[in-house]
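Now for the letters of each chain:
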Amino acid sequence: LTQEHLALVAEAMDLNRNGTISLVEFVQGLHVDDVEVDAADSLAGDILSILLRHRSAIRTVAHLFDVRGSWRVAKCEFLKLLRALNDVIKETESHWSDSQIVDLCEALALDGFVNYRDVFDSFLVLDSQNPDIGVSLVCERGGGADDAADD
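Basis of the calculations
Residues numbered from 1 in each chain as written. Predicted model: local features only at pLDDT ≥ 70, side-chain atom pairs only at ≥ 80, totals over all residues. Heavy atoms only, no water. Helix = DSSP H or I, 4+ residues; strand = E, 2+ residues; numbered from the N terminus. Contact = heavy atoms within 4.5 Å. Phe/Tyr/Trp six-rings, centres within 6.5 Å; stacked < 30°, edge-to-face > 60°. Buried < 20%, exposed > 50% of the residue type's maximum accessible area, 1.4 Å probe, protein only. Lys NZ or Arg CZ within 6 Å of the ring centre and 35° of its normal. Core = buried A, V, L, I, M, F, W, Y, C linked by side-chain atoms within 4.5 Å. Axes fitted to C-alpha atoms, helices over the stretch in contact; angles between N-to-C directions. Left-handed = near helix turned anticlockwise from the far one by under 90°. Nonpolar A, V, L, I, M, F, W, Y, C, P; charged D, E, K, R; others polar. Lys, Arg positive; Asp, Glu negative; His and termini not counted. Salt bridge = Lys/Arg side-chain N within 4 Å of Asp/Glu carboxyl O.

Peer 1: Sorry if this is basic, but what is going on with the overall build of the protein here?
Peer 2: Along the protein, the regular secondary structure elements total eight helices and five strands. Seen in sequence order, the protein has helices and strands lined up from the N terminus as α-α-α-α-β-α-α-β-β-α-β-β-α. In the protein, once contacts between residues fewer than 6 apart in sequence are set aside, the share between residues at least 24 apart is 50%.

The structure is reproduced here in structure tokens:
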């Protein structure tokens, strides 16, 4: 940050143009527009809604890419899967931009792979009217010692 940049920020925060920044002006200057936050929350909600609505199809196709049965697919394969889903839903549902699909894959990938079982097992669907009630989407795995070793 340069002095010039700081002077521009201060000028923008000085709403009454008296040469000083009051506490109210300072707080208003740091305020994040709720519209932007609401839009981001809405977008995240749309993405999660689509993932949940099509989770069976996503898991089935991911399982086809998962030749080792490890519940993991390469990020590039998961990207193909989401792009194909996006092509199918774009006429009937809200769909994603390609950059949103890429960002989602980046966020879900660890070491170049997406653990698709963990993605869906991490969801907890809540009733907005009664947040104490939730439904987990965890798959039954048998619970044996061998199953724990595979995780």
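Having seen the model, we can carry on.
Peer 1: Which parts of the structure should I look at to understand the packing of aromatic side chains?
Peer 2: As enumerated under the stated definition, the model contains one aromatic pair in all. When the centroid spacing of 5.5 Å and the interplanar angle of 50° are considered together, the rings of Trp71 and Tyr116 count as tilted. On the criterion of sequence distance, the pair formed by Trp71 in the loop between α4 (55-65) and β1 (72-74) and Tyr116 in helix α7 (residues 116-121) is long-range, its members being 45 residues apart. Residue Trp71 is classed as partly exposed on the basis of its relative accessible area, which comes to 28%. The residue whose ring lies beneath Arg72 is Phe113, and the NZ or CZ to ring-centre distance is 4.3 Å.

Peer 1: Just checking my understanding: could you explain the nonpolar core for this structure?
Peer 2: Generally speaking, nonpolar side chains in soluble globular proteins are found buried as a group. Membership of the largest hydrophobic core comes to 23 residues, with the highest contact counts inside it found for Leu51, Ile58, Phe78, Leu82 and Trp96. The element that contributes the greatest number of residues to this core is helix α5 (residues 75-89), accounting for six residues. Discounting residues that sit within four places of it in the chain, Phe78 has contacts with Ile58, Val73, Cys105, Leu108, Val114 and Tyr116.

Peer 1: What's the story with the packing of α4 against α5 in this structure? I'm lost.
Peer 2: Helices that pack against each other are described as a pair by the angle of their axes relative to one another and the distance between those axes. Interhelical geometry of α4 versus α5 gives an angle of 145° and a closest axis separation of 10 Å. Like other packed secondary-structure pairs, α4 and α5 cross with a definite hand, here right-handed. Contact with α4, carried on its side by Ile58, Val61, Ala62 and Phe65, involves Glu77, Phe78, Leu81, Leu82 and Leu85 of α5 and no other residues of that element. Residue composition of the contact of α4 with α5, by class: eight nonpolar, no polar and one charged.

Peer 1: Got a minute to help me understand the side chain of Asp14 in this structure?
Peer 2: Mapped onto the secondary structure, Asp14 falls in the loop between α1 (3-13) and α2 (23-30). Of the buried charged residues, Asp14 lacks a salt bridge, with Arg17 as the closest side chain of opposite charge at 5.4 Å.

Peer 1: Would you take a moment to explain the pattern of salt bridges for this structure?
Peer 2: Note on pairing: side chains with opposite charge can pair once their charged atoms come close. In the structure shown here, the tally under the stated rule is five salt bridges. Its salt-bridge partner being Asp87, residue Lys90 comes within 3.9 Å of it at the nearest N-O pair.

Peer 1: Please clarify how the packing of α5 against helix α6 (residues 98-108) should be interpreted in this entry.
Peer 2: Packing of α5 against α6 leaves a shortest axis separation of 10 Å and a crossing angle of 140°. Where α5 crosses over α6, the handedness of that crossing is right-handed. For the pair α5 and α6, the contacting residues are Lys75, Phe78, Leu79, Leu82, Arg83 and Asn86 in the first and Asp98, Ile101, Val102, Leu104, Cys105, Glu106 and Leu108 in the second. Here the residues of the contact of α5 with α6 are counted per class, giving eight nonpolar, one polar and four charged.

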